[in-house]
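Below, each chain spelled out in residue letters.
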Amino acid sequence: MSSIVCKDLCKTFQQGEEIITGLDHVSIEIDAGDFVCLSGPSGSGKTTLLNAMGGLDTPDSGRIRVGNTQVDELGKGPLADMRLHKIGFVFQAYNLIPVLTARENVEFVMQVRGEPAQERSQRSHQILKEVGLEGMEDRRPAQLSGGQQQRVAVARAIVSKPTLVLADEPTANLDSVTAGQLMDLFVELNQNHNITFVIATHDTRVMAYARRLIKMRDGKIISDEKQQQPQIED
Amino acid sequence: MNILPLKAMFMLAWRNLWRNHRRTTIMLAAITVGVWAMIFMTALMRGMVDDMLLNGIRSLPGEVQIHHPAYRDDPSINNSIAAPDEELLKALQIPQVTAWTSRVRVPAVISSERDTRGVVLLGIEPDSEVQVSFDADTIYEGRFLEDSSDRGLVIGAKMADHLETDLGKRVVVMSQDPDNNIADRGFRIVGIYKAKLASLEETYIYAGRDTVQKLLKLGDNVSEIAITSEDYRNVDNWYPRIKQAAGEGVETLPWYEVDTYLGSMLAMMDGFVLVWIIIVFLALSFGLVNTLVMAVFERVREIGLMQALGMRPSTILYQILMESLLLLLIGLLLGNILAVGTVIPLQAGIDISIVAEGMEMMGTSSMLYPALKLNDMIMANVIVIVLGLLTSILPAWRAASYDPIEALNKT
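It should be emphasised that the depicted structure is a prediction, and the values quoted were computed from it without experimental measurement.

With respect to the interface of chain B and chain A
Move 1: Of the residues lining the interface, 28 residues belong to chain B; the matching set on chain A comes to 27 residues.
Move 2: The junction of chain B with chain A conceals about 2300 Å² of combined surface from both sides, 66% of it contributed by carbon and sulfur atoms.
Move 3: Our count for the contact surface shared by chain B and chain A stands at two salt bridges.
Move 4: Arg15(B) is the salt-bridge partner of Glu104(A), the closest N and O atoms lying 2.5 Å from each other.
Move 5: Between chain B and chain A we count five residue pairs in polar contact (both at pLDDT 80 or more) in total.
Move 6: If you list the elements that add at least two residues to the side of chain B that touches chain A, you get α1 (6-17), α11 (300-308) and α15 (404-408) of chain B.
Move 7: With six residues, the single largest contributor to the side of chain B that touches chain A is α11(B).
Move 8: The class makeup of the residues in the side of chain B that touches chain A is 17 nonpolar, five polar and six charged.

In structure tokens, the structure reads:
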């Protein structure tokens, strides 16, 4: 079953007097449990497509369905509800709320969902352990390294068991070792929890982890290939 | 509904407030001083107006008065009333009434060998009169009247000056009896009093009620029955009961109807306090809005992140309002403590005798007693909270209206 279906998406931006094409009649279907990389140079439209899938940005035309939800028909409030209940986000930077500790950042989404305190505490502890941050639960973002911060963001993205994780340049601010560790974590979560991952990147090391690699240029999909995903040992 | 629980919202608001210690501290100081100014100045104004009203009521004197219906138009001896009957005496036992007295009150002329002045002659029953209006401690020469048949006369110090008379000297008091004949009598001055207001010393002279009744051939009749309670503001709670017992044949009026100027003074004061509090708040609101706008502006990306994570715009709005509420509550707490802490030591009175003459024209005495009223404090606090939250809606709305993508990409 398809996790995401995008049909004929178009999006343009006005920059001064110039009209920039973000998405140019993009159609794509992503299966549940897939691990997809959107690649391409800056301005190719990968982030725009990712944001449209996550309901953060509205396309000018076209249809988007995530699971059973027709995203393009939703208002601001229901879109927020969909993001809360179905999607986990990992951004390039500014991923965490600086006044909250690692544990509180992870629990934040669960709090908004109204989950009980005991369950929040158990799951945040377990997930932080899973991403290798045991013992760092009470540190604030400023007391964590860039890689550790991204791990907290990943923990927060998956703690509510979303069906889809959208990651925008998650390794851009990380050194190669930390980036590799983060990608190993993504693959592990994908394989163990059957979470669909869609990652926008222009980092070739990240692309190597994908089962499906979609290349974009000038708002269009120029290639869509399946590839062998490396097996991560538990 | 994806709303952050109140506890989490409170915790987030609290930590956000202290992200910029200096700004929050400055804003708190501004709210504290503003609230202090509201409450402290209101206490001073209330104290001044209380003093004016109490002096005014004292010069009536009595918080509720029972008269002949025509007495206020023609305060002559012809418009007298009978002494209280049983039903009225029973009504006067209600707990709200702290004291009452009946008195003869007529316009009269007092003459010494040097001068003649128009006065108000009060024929009083001394024991009950001192509980209603006259302060026996204000006698600074001689003594006060001993009973209602006392044949002596007590006059004010200013009047003694005008008449160029003194303690122990005789004066003649003239008025009219009910048959419109001159009724006059020689009195020996047994006491001279000083009042808070010099005008009272020039207006009222006191003699025994029985003596005056005999002089004016009044029998047991009196001009008025004056009643007092613990708080002149609460007179409406009990005076209808007295009015009912006094019956239709007499006029029973509360102080604010006896002297409408005093009544309107109290209403004007309430309006003035409200205007004062709002003006101080308006000055504060600029700082409050600026603080919140800056707090929102600095956190645009974070707000975008919260929206991306699934926080509804309304929840963002509540979050910013919570920060404003916290700031206001802390400022109010400190402001209230500061106000109470500065008013209480001053409740023994502030000496304003340096401007006493000017103040006396307004009917206030030379000591100002700040009056801290719970109602005024509640009003100041409620106004600050309500208007504070209203003015915070603008920055909160702005935060809630951010587009998540634009907010996340803000540099």
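Picking up where we left off.
A short note on the domain arrangement of chain B
Move 1: Under the domain assignment, chain B is made up of domain 1 (6-56 + 264-408) and domain 2 (62-257).
Move 2: Centre-to-centre separation of domain 1 of chain B and domain 2 of chain B, based on C-alpha positions: 48 Å.

Observations concerning the pattern of salt bridges
Any two side chains of opposite charge can pair if their charged atoms end up close together.
Move 1: Tallying each qualifying case throughout the model produces 31 salt bridges over all chains.
Move 2: With a shortest N-O distance of 2.8 Å, Arg143(B) and Asp150(B) are connected by a salt bridge.

Points about empty space enclosed by the protein
Move 1: For the structure shown, the criterion picks out five cavities of 30 Å³ or more.
Move 2: Quantified by volume, the largest cavity comes out at close to 90 Å³.
Move 3: Along the wall of the largest cavity there are 13 residues; nearest its centre are Leu17(B), Arg23(B), Thr24(B), Thr291(B) and Ala295(B).
Move 4: For the lining of the largest cavity, the secondary-structure elements that each account for two or more residues are α1, α2 (21-59), α10 (260-298) and α12 (313-343) of chain B.
Move 5: Counted by class, the lining of the largest cavity contains four nonpolar, five polar and four charged residues.
Move 6: Forming the walls of the second largest cavity are Arg83(A), Leu84(A), Ile87(A), Gly88(A), Phe89(A), Val109(A), Arg156(A), Ala157(A), Ser160(A) and Leu309(B).
Move 7: Mapped onto the lining of the second largest cavity, the elements with two or more residues apiece are α2 (76-86), β6 (87-90) and α5 (146-159) of chain A.
Move 8: If you tally residues by element for the lining of the second largest cavity, the top one is β6(A), at three residues.
Move 9: Of the residues contributing to the lining of the second largest cavity, the split by class is six nonpolar, two polar and two charged.

So, how was this worked out
Residues numbered from 1 in each chain as written. Chains lettered and ligands numbered in written order. Predicted model: local features only at pLDDT ≥ 70, side-chain atom pairs only at ≥ 80, totals over all residues. Heavy atoms only, no water. Contact = heavy atoms within 4.5 Å. Buried area = accessible area lost by both parts, 1.4 Å probe. Salt bridge = Lys/Arg side-chain N within 4 Å of Asp/Glu carboxyl O. Polar contact = N/O pair within 3.5 Å; in protein donor to acceptor, adjacent residues only side chain to side chain. Helix = DSSP H or I, 4+ residues; strand = E, 2+ residues; numbered from the N terminus. Nonpolar A, V, L, I, M, F, W, Y, C, P; charged D, E, K, R; others polar. Domains from an automatic or database assignment. 1 Å grid on protein atoms, 1.4 Å probe; cavity = no way out; pocket = protein on both sides within 12 Å on 5 of 7 lines; lining within 4 Å. Points joined across faces, edges and corners; volume = space filled by probe spheres on them.

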